[in-house]
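# Structural description and commentary
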Amino acid sequence: MSQGKANDAPRLKRSRFRAWIFPAGVAGVYLILYPIAPCRTLNGLGVAGQVLLQASLPLIISFGMMLLLNLFITPSHVSKLLGGGAGVKGIFLSAVAGILSMGPIFAWYPFLATLRKKGASDFHLANFLSHRAVKPVLLPMMIVYFGWRFSLIFTIFCIFCALVTAAIVGMLGGQR
Amino acid sequence: MKIAIPADRPDLDARVQNKLGAAPYLLVIDSDDLSFEILDSSLLASGPLAGLQALSLVLDKGATVILVGYMSPNIIGPLQKNGIEVVTSVSGSAKEAVLRYKRGGFGVAENNGHTSIPKSSINFTVRFSEAWTKTAKQYLSLVPVLTAVILLVGLFKAFLPEKLLLALFSGNLIQDTFAGALVGSLLTGNPINSYVIGETLIELGVDLFGVAAMMLTWVSVWLIQMPVEISILGLRFALIRNVAAFLVAIPSSIFVVWLYRGGM
């Protein structure tokens, strides 16, 4: 066992190092762009800050949900509710969860990763992601801009598109 | 979900064996479709090391649940801490065991035998602290790619003005629908922004087809955030989901506008 751990240490170090290559690359782009267009580069940083601020609440909610999952939910629970054989209940649950999830999508990826580890199928994960397109809270705003007829048809098609996309991922995903 | 079972034969009718390291075969079964992988245990070392080698083998194959006759509590504890569920005192065929597990048929009794640590007996504070550490670790591992994507969104918004994207629209129905879908895939932010941009596009003479496509992909295709999706859900998943959402959005937006205008 100890031998295994000793062998894993450099691999872990390498993978941690590799994980920072992408952010370092993006930071490098900022550094290159700054002397060329300082105002825009700083503006970009400001926008990134705003995005982080907007994402902070969903990130906290997502963390809380992951904590509850890790604390109380076993793989058999998730497999039963969101696994391949979960049926209509699983489709409904993942759709409602997707519709209710707020904020930037990347705030919810860690939660989805935990769900997947615990046995959720690719179909249900895709269904969650796709149903984020349905925004009942923003419906009044859409009606103001495009009228109720367009908004209603658009929302119905959002649900249709979400289900079709999830079905395609479920069929072609191939992992579960 | 993948379930590991020590077995006496390389098929689903095999009997569940008492020990992981002493079984002739190890089955790693996908609980969704019962497809399985057979791992030959004959190559494993003999003696006490065999169990650990077998364990490492099934964990490498992605098993998150182990159904077995017996396992030492000294091994079960660390496995449970790392999110691997172990159910002991399992007997019968491998297929029956998996189906029973899926039904939630292994209650406290099986998991509570002399060999495993009952979850209820673990102090809640300890369990909470373990869950907290695990969640924090999962989150921290995502910090690099999340940071990069947030920085990328800022860069994109600062250097690719929306006016430039408007130049993609030509007045042709199919081309505009495609252009709308592309613009929606590239832009990020609150969907209300897509309504505002959509209204501006209409004022500039772009047809509703392109606007509907942009609004649909705005909320379903996320090209800028794709690195995070890839790192968490895998390249295949991210590619299929985004491409499928993009392709479904194009005919759907045409259909939305067609229905909106009262059909033909």
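Residues numbered from 1 in each chain as written. Chains lettered and ligands numbered in written order. Predicted model: local features only at pLDDT ≥ 70, side-chain atom pairs only at ≥ 80, totals over all residues. Heavy atoms only, no water.

## Thoughts on the confidence of the model for chain B
If pLDDT is low for a region, its predicted coordinates should not be looked at in detail. Overall, the predicted model of chain B reaches an average pLDDT of 81, with 88% of residues at or above 70. Residue range residues 108-121 of chain B is modelled with pLDDT below 50. Its contacts to residues more than four positions away, or to other chains, number 31 contacts. (pLDDT = per-residue confidence, 0-100. Contact = heavy atoms within 4.5 Å.)

## Quick notes on the side chain of B:D176
Residue and element names in this part refer to chain B. Structurally, the position occupied by D176 is in helix α8 (residues 173-186). Although buried, D176 forms no salt bridge, and the nearest oppositely charged side chain, R261, lies 10 Å from it. When neighbours within four sequence positions are excluded, D176 is seen to be in contact with F169, S170, G171, V206, D207 and G210. (Helix = DSSP H or I, 4+ residues; strand = E, 2+ residues; numbered from the N terminus. Buried < 20%, exposed > 50% of the residue type's maximum accessible area, 1.4 Å probe, protein only. Lys, Arg positive; Asp, Glu negative; His and termini not counted. Salt bridge = Lys/Arg side-chain N within 4 Å of Asp/Glu carboxyl O.)

## Brief notes about the interface of chain B and chain A
The extent of an interface is frequently quoted as the accessible surface area lost upon association of the parts. Contact with chain B, which involves 74 residues of that partner, is made by 77 residues of chain A. Together chain B and chain A conceal approximately 6,800 Å² of surface at their shared face, both sides included; 77% is due to carbon and sulfur atoms. Where chain B touches chain A, the interface holds 0 salt bridges. The interface formed by chain B and chain A holds 7 residue pairs in polar contact (both at pLDDT 80 or more) in total. Elements with a contribution of two residues or more to the side of chain B that touches chain A: β4 (63-67), α3 (94-102), α5 (124-140), α6 (143-159), α9 (191-203), α10 (208-218), α11 (226-233) and α12 (235-260) of chain B. Examining the composition of the side of chain B that touches chain A, we find that 15 residues originate from one element, α6(B), more than from any other. Partitioned by chemical class, the residues of the side of chain B that touches chain A number 49 nonpolar, 12 polar and 13 charged. (Buried area = accessible area lost by both parts, 1.4 Å probe. Polar contact = N/O pair within 3.5 Å; in protein donor to acceptor, adjacent residues only side chain to side chain. Nonpolar A, V, L, I, M, F, W, Y, C, P; charged D, E, K, R; others polar.)

## Digging into the sheet that holds strand β1 (residues 2-7) of chain B
Residues and elements named next belong to chain B. The strand order β3-β2-β1-β4-β5 describes an open sheet built from 5 strands, whose pairing is mixed. The two strands at the open ends of the sheet, each matched to only one other strand, are β3 (36-40) and β5 (85-87). The sheet shows a mean angle of 25° between the axes of neighbouring strands, direction not considered. One ladder, built from 5 bridges, connects strand β2 (residues 25-30) with β3; its direction is antiparallel. Paired with L27 across the strands is I38, a residue of β3. (Pairing = 2+ DSSP bridges. Axes fitted to C-alpha atoms, helices over the stretch in contact; angles between N-to-C directions.)

## A word on the side chain of A:R116
Here A:R116 shows up in helix α6 (residues 109-117). Take A:R116: its relative accessible area is 10%, and that puts it in the buried class. Separated by 2.9 Å, the side chains of A:R116 and A:D122 make a polar contact. One polar contact links the side chain of A:R116 to the main-chain carbonyl oxygen of B:L233, over a distance of 2.9 Å.

## Focus: α9(B)
Residue and element names in this part refer to chain B. Here α9 contains 13 residues, and its C-alpha end-to-end distance of 19 Å stays within 8% of the 18 Å for a straight helix at 1.5 Å per residue. Of the positions making up α9, those classed as buried are P191, S194, Y195, I197, G198 and L201. Following α9 by one or two positions, G205 adopts a phi angle in the positive range, close to 100°. (Expected span 1.5 Å × (residues − 1).)

## What to know about the packing of α10(B) against α12(B)
Relative orientation and spacing of two packed helices are given, respectively, by the angle between their axes and the distance between those axes. Residues and elements named next belong to chain B. Remark: α10 packs on α12, axes separated minimally by 8 Å, with the N-to-C direction vectors making an angle of 135°. As summarised for this structure, α10 and α12 are arranged oblique, according to the angle between their axes. When you trace α10 past α12, the crossing you get is right-handed. Taken together, the residues of α12 that come into contact with α10 (itself represented by L208, F209, A212, A213, L216 and T217) are F246, A249, S252, S253, I254, V257, W258 and Y260. Broken down by class, the residue content of the contact of α10 with α12 amounts to 11 nonpolar, 3 polar and no charged. (Parallel < 35°, antiparallel > 145°, perpendicular 65-115°, else oblique. Left-handed = near helix turned anticlockwise from the far one by under 90°.)

## Concerning the packing of aromatic side chains
If you walk through the whole model with that rule in mind, you get 15 aromatic pairs over all chains. With 6.3 Å between their ring centres and 40° between their planes, A:Y145 and A:F146 make a pair best called tilted. Arranged with centres 6.4 Å apart and planes meeting at 50°, the rings of A:Y145 and B:Y195 form a pair that is tilted. Taken as a pair, A:Y145 in helix α8 (residues 139-172) and B:Y195 in helix α9 lie in two separate chains rather than in one. Look at A:Y145 and you get partly exposed, because its relative accessible area is 26%. Members of the aromatic cluster, joined through ring pairs, are A:Y145, A:F146, A:F150, A:F154, B:Y195 and B:Y260. (Phe/Tyr/Trp six-rings, centres within 6.5 Å; stacked < 30°, edge-to-face > 60°.)

## Re the nonpolar core
Counting residues in each nonpolar core, the largest one holds 79 residues, and the members touching the most others are A:F106, A:Y109, A:L112, A:L129 and B:M215. The element contributing the most residues to this core is α8(A), with 10 residues. When residues no more than four places from it in sequence are discounted, the contact partners of A:L129 are A:I105, A:Y109, A:L112, B:W222, B:E229, B:L233, B:F237 and B:R241. In this structure, B:M1, B:L67, B:A94 and B:V98 belong to the second largest nonpolar core, which totals 19 residues. (Core = buried A, V, L, I, M, F, W, Y, C linked by side-chain atoms within 4.5 Å.)

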